[in-house]
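Coordinate analysis (summary)
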Amino acid sequence: VVRRSLLQKYEHQPFVSCLAGFYSCRWKRYQRERTEPGKCCCNMVTFCFSLVFLYMWGEGKNDYNSFDWYNYGNLGFWFLWSLVILIVAAVLFAYMSLLLVLAMCLLAEGQRLYLHWSHKIGTFLVLGFSISSLFALSLLWRDHRKTVRLSFQVTAPYLHIGAIAIMVLLAWPVALHAIKADKKVIQVIIVGPYLAILLFLFLIPLGMYSPCIREMGTLGPKPALIGHRGAPMLAPENTEMSFLKTIEHGGDGLETDVAISYDGVPFLMHDDTLRRTTNIQEVYPNDTGKAASFFSWDALQKLNAGTWFLKNKPFVGMGSLSKADQNQAMNQSIYTLSSFLRLADSHNKLVIFDLYRPPEKHPYRNLWLRKILDVILKESKIKRHLVLWLHNSVRSFVQSVAPGFQHTMGRKAPIEDLLKHNIVKLNLVYTDMSSEDIRKYAEANITTNFYVVNEPWLYSLAWCSGAHSVTTNAVHLLKDLSQPLFLMTPQQYNIMWILTDLTSAFLISLIFAL
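Residues numbered from 1 in each chain as written. Predicted model: local features only at pLDDT ≥ 70, side-chain atom pairs only at ≥ 80, totals over all residues. Heavy atoms only, no water.

A few points about the packing of helix α6 (residues 143-180) against helix α7 (residues 184-203)
- Packing of α6 against α7 brings their axes to within 10 Å, and their N-to-C directions diverge by 165°. Classified by the angle their axes make, α6 and α7 are roughly antiparallel. Both α6 and α7 take part in a crossing whose hand is left-handed. For the pair α6 and α7, the contacting residues are His160, Ala163, Ile164, Met167, Val168, Leu170, Ala171, Val174, His177, Ala178 and Ile179 in the first and Gln187, Ile190, Val191, Tyr194, Ile197, Leu198, Leu201 and Phe202 in the second. (Axes fitted to C-alpha atoms, helices over the stretch in contact; angles between N-to-C directions. Helix = DSSP H or I, 4+ residues; strand = E, 2+ residues; numbered from the N terminus. Parallel < 35°, antiparallel > 145°, perpendicular 65-115°, else oblique. Left-handed = near helix turned anticlockwise from the far one by under 90°. Contact = heavy atoms within 4.5 Å.)

Below, the structure written as structure tokens:
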């Protein structure tokens, strides 16, 4: 307004024109300074969202295999979507971290914050990707939230240190802007929330719980390892090679899935069809959608159950397989339940299996359990204490004809009901893990097994929580853990907590004083 009025009255006088230009520059500078806090806040919000998504997706690595197989079933081809998303999330977080560090440096020196248009677009793209990914994750993979909550039990002490470090880094620009503020109210508005968050972080360990923070000598034995369909990271699942790999790496038990052929032969197969784990498209191209149970055993024997693994190998590259292993994988066939039980019995390994009832119009639809029991008791003659019987129907009948099985329940239930049905073990999804429940069941001599546990941090949590065993795809990795990750005594954690708080308080006070 001043500039325009001066120009209208004295447009031909050089001094007034210069003064009007000065007001114009001041006005533009004022506009820029007003937008600087907004730009910084936008960068901070985007950084936080990208950090949250990176953490959530990174902690979900235990279920990457299930995520990739889900996409394979929908898209019809194999691709490591989970790894691609992780790489993208890490790159976007690194990009936002760099922008934020540069912004903090500029603000700390009192310099003008100016983002190039390309970085503005990049910031909004990162923000949109992070928010939409978090929304999709919470909508389509709701159990993942339970995984993240479990991860806090082992990572919270270290996340606390990271949060304190960020607050120390933010102290300089906060102090600088507070001191430059003209009014006390503005100073309170700037410093107040910062100090409130800092105080919250200082005291949050008082409400923090982790089973891995425990007194020396109170840690229970290492959980037994049960190979989930054998060792699917090293060999084709549910094949002889896969179970031999589990045994070779010291697994304590074997888990599998049992179906029945059209002529009554129990065999190992997880999927309803044979499309994913056999070469049925080459041998029976017109029957790829046909249920596996509607094939005779003679027809099933003609299929190869290993070449798919070499083509799609989800976990490790082909270079990590020896030539002998590649040749062995190429010659795998569908495995029978009888052969599986004999193998387990010869190596004294526990067995647990999911039983799939044949579909409608199958000749063994009403006789399938009796046929499976015949194989267990008469053909394989496996030692009965090695069998963890999971199937819940006709349990009383199974207990009468096959005493000695370790009866296992697939869900939580009151202890009175479990004891009434002679249940000695619970087989639970790992997201149901609770050290309190484990302790309660253990007092009633009921052990717990959690599935599917692949990551060392999750296995460490199960170990600290007192789990008796876990079902895993990664026997070869978890067997090498000599103690849980993140294990420490309460005294060690208190020292770490107090030193962190005192050091950060000293540094922040020094920054504000300077």
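What about the state of the cysteines?
- As enumerated under the stated definition, the model contains one disulfide in all.
- Between Cys212 and Cys464 runs a disulfide, and the two sulfur atoms are separated by 2.3 Å. Measuring handedness by torsion sign, the sulfur bridge of Cys212 and Cys464 sits at about 105° and is right-handed. With Cys212 in the loop between α7 and β1 (224-228) and Cys464 in helix α18 (residues 456-465), the pair connects residues that are 252 residues apart, well separated along the chain.
- We classify Cys212 as buried; its relative accessible area is 0%. (Disulfide = S-S within 2.5 Å. Buried < 20%, exposed > 50% of the residue type's maximum accessible area, 1.4 Å probe, protein only.)

Side note on the packing of helix α13 (residues 337-346) against helix α14 (residues 368-380)
- α14 packs onto α13 with a crossing angle of 45° between their chain directions and a minimal axis gap of 10 Å. One way to sum up the angle between α13 and α14 is to call them oblique. Between α13 and α14 the crossing geometry is right-handed. Contacts from Leu337, Ser338, Leu341 and Arg342 in α13 reach Ile372, Val375, Ile376, Glu379 and Ser380 in α14.
- When grouped by side-chain class, the residues that make up the contact of α13 with α14 number five nonpolar, two polar and two charged. (Nonpolar A, V, L, I, M, F, W, Y, C, P; charged D, E, K, R; others polar.)

With respect to the UniProt feature "transmembrane region" (unreviewed entry) in the protein chain
- As annotated by UniProt and renumbered to match this structure, "transmembrane region" (unreviewed entry) occupies residues 40-58, 78-109, 121-141, 156-176 and 188-209.
- Counted over residues 121-141, helix gives 95% and strand 0%. Its end C-alpha atoms are 29 Å apart.
- Between the end C-alpha atoms of residues 156-176 there is a gap of 31 Å, over a span that is 100% helix and 0% strand. (UniProt positions renumbered as here; feature names shortened; annotations may be inferred.)

Structural notes on unusual backbone geometry
- Following Tyr451, the chain continues to Val452 via a peptide bond in cis, the omega torsion being -20°.
- By the element assignment, Val452 lies in the loop between β8 (447-451) and α18.
- Of note in this structure, Lys381 is not a glycine but carries a positive phi near 55°.
- Along the chain, Lys381 turns up in the loop between α14 and β5 (387-389).
- Given a relative accessible area of 59%, Lys381 falls into the exposed group.

Thoughts on empty space enclosed by the protein
- A complete count under the given rule lists one cavity of 30 Å³ or more for this structure.
- The computed volume of the largest cavity comes to approximately 70 Å³.
- If you trace the largest cavity, you find it lined by Glu237, Asn238, Thr239, Leu268, Met269, Thr277, Ala305, Trp308, Ser333, Ile334 and Tyr335.
- Split by residue class, the lining of the largest cavity holds six nonpolar, four polar and one charged. (1 Å grid on protein atoms, 1.4 Å probe; cavity = no way out; pocket = protein on both sides within 12 Å on 5 of 7 lines; lining within 4 Å. Points joined across faces, edges and corners; volume = space filled by probe spheres on them.)

Here's the deal with the side chain of Thr46
- By the element assignment, Thr46 lies in helix α2 (residues 14-59).
- Take Thr46: its relative accessible area is 0%, and that puts it in the buried class.
- Residues in contact with Thr46, not counting those within four places in the same chain, are Met96, Thr123, Val126 and Leu127.

Describing the domain arrangement of the protein chain
- Domain parsing of the protein chain yields domain 1 (141-213 + 488-513) and domain 2 (226-479).
- In this structure, domain 1 and domain 2 have C-alpha centres spaced 46 Å apart.
- If you look at the interface, domain 1 gives 10 residues, while domain 2 gives 10 residues.
- For the pairing of domain 1 and domain 2, the buried interface totals around 850 Å² over both sides, and the portion due to carbon and sulfur atoms is 72%. (Domains from an automatic or database assignment. Buried area = accessible area lost by both parts, 1.4 Å probe.)

Things to note about the nonpolar core
- Ranked by internal contacts, the top residues of the largest apolar core, which has 32 residues, are Trp57, Met167, Tyr194, Leu198 and Ile508.
- At the level of secondary structure, the elements contributing two or more residues to this core comprise α2, α4 (81-108), α5 (117-140), α6, α7 and α20 (490-513).
- Residues contacting Met167, with those up to four places away along its chain left out, are Tyr194, Ile197, Leu198, Leu201 and Ile508.
- Met409, Met433, Trp457 and Ala467 belong to the second largest nonpolar core, which has 31 residues in total. (Core = buried A, V, L, I, M, F, W, Y, C linked by side-chain atoms within 4.5 Å.)

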